[in-house]
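Structural overview
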Amino acid sequence: MENLLSESLHPAAPHHLPPFITGPGETDVFMWGVGIFLVVAILAFGNLYLHLHTLPERMAHRGHKLQFEIVAVLGLLALFTHIHLFWVVGLLLAMVDLPDFGTPLRRIAGSVEKIAGVAPEEQPADVPDDGPPHAAVAGDGKSGSTKSEVHGHA
């Protein structure tokens, strides 16, 4: 048996082996290095992909956009369905400034409530229906005028 192990190499075999070929029973350092590099590369690529994928959501959040929630939902849909059109729509929506219609409408509603004499904290459903509409005093209390005087009724 010892004769078989001590025999010389075959004449067609290379006499110099590359350094990444390890002997029997030795640790394959090159394999461990490639394995660690592969794990780090996958984590780095995943982090880059996730950072790029959340770009529309971060843009909408940074700009305090009204459509932030819509952009976030589109990003999640694109992530879980792999339909990239959702991501593109979310990116375009994050870049567009939608006009704020809510604030002027709230201000108009508040002004109309002041004109009507309804207290701002009252809801229209809370106003009793037993009397004529807007039976409250419409004046500011300084002139002493009542609602009937304001509308020209004497």
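Everything below is about the structure shown above.
**A few points about the overall build of the protein**
A count of helices and strands for the protein gives seven helices and zero strands. When the elements of the protein are put in sequence order from the N terminus, they spell out α-α-α-α-α-α-α. When burial is assessed residue by residue, the protein has 9% of its 154 residues classed as buried. Restricting the contact set of the protein to residue pairs at least 6 apart, pairs at least 24 apart contribute 40%. Total accessible area on the protein is roughly 13000 Å²; 70% of this is exposed by carbon and sulfur atoms.

**Examining helix α4 (residues 68–81)**
For α4, spanning 14 residues, the distance from its first C-alpha to its last is 20 Å, which sits close to the expected 20 Å at 1.5 Å a residue. Looking at the packing, one finds that the buried side of α4 touches α2 (29–53), α3 (55–62) and α5 (84–95). In the segment just after α4, H82 is the residue with positive phi, at about 60°.

**Here we look at the packing of α2 against α3**
Running from N to C, α2 and α3 point in directions that differ by 45°, and their axes come no closer than 5 Å. With respect to their mutual orientation, α2 and α3 come out oblique. Contact with α2, carried on its side by H51, L52 and H53, involves L55, P56 and R58 of α3 and no other residues of that element. Tallied by class, the residues present in the contact of α2 with α3 amount to three nonpolar, two polar and one charged.

**Focus: the side chain of Q67**
With respect to the secondary-structure elements, Q67 resides in the loop between α3 and α4. There is a polar contact of 2.7 Å between the side chain of Q67 and the backbone oxygen of V96. Other than its neighbours up to four places away in sequence, Q67 contacts L93, V96 and L98.

**Some words on unusual backbone geometry**
Backbone geometry at H82 places phi at a positive 60°, although glycine is not the residue there. Inspection of the secondary structure puts H82 in the loop between α4 and α5. For H82, a relative accessible area of 55% gives the class exposed.

Parameters at a glance
Residues numbered from 1 in each chain as written. Predicted model: local features only at pLDDT ≥ 70, side-chain atom pairs only at ≥ 80, totals over all residues. Heavy atoms only, no water. Helix = DSSP H or I, 4+ residues; strand = E, 2+ residues; numbered from the N terminus. Buried < 20%, exposed > 50% of the residue type's maximum accessible area, 1.4 Å probe, protein only. Contact = heavy atoms within 4.5 Å. Areas by Shrake-Rupley, 256 points an atom, 1.4 Å probe, with all protein chains shown as cover. Expected span 1.5 Å × (residues − 1). Axes fitted to C-alpha atoms, helices over the stretch in contact; angles between N-to-C directions. Parallel < 35°, antiparallel > 145°, perpendicular 65-115°, else oblique. Nonpolar A, V, L, I, M, F, W, Y, C, P; charged D, E, K, R; others polar. Polar contact = N/O pair within 3.5 Å; in protein donor to acceptor, adjacent residues only side chain to side chain.

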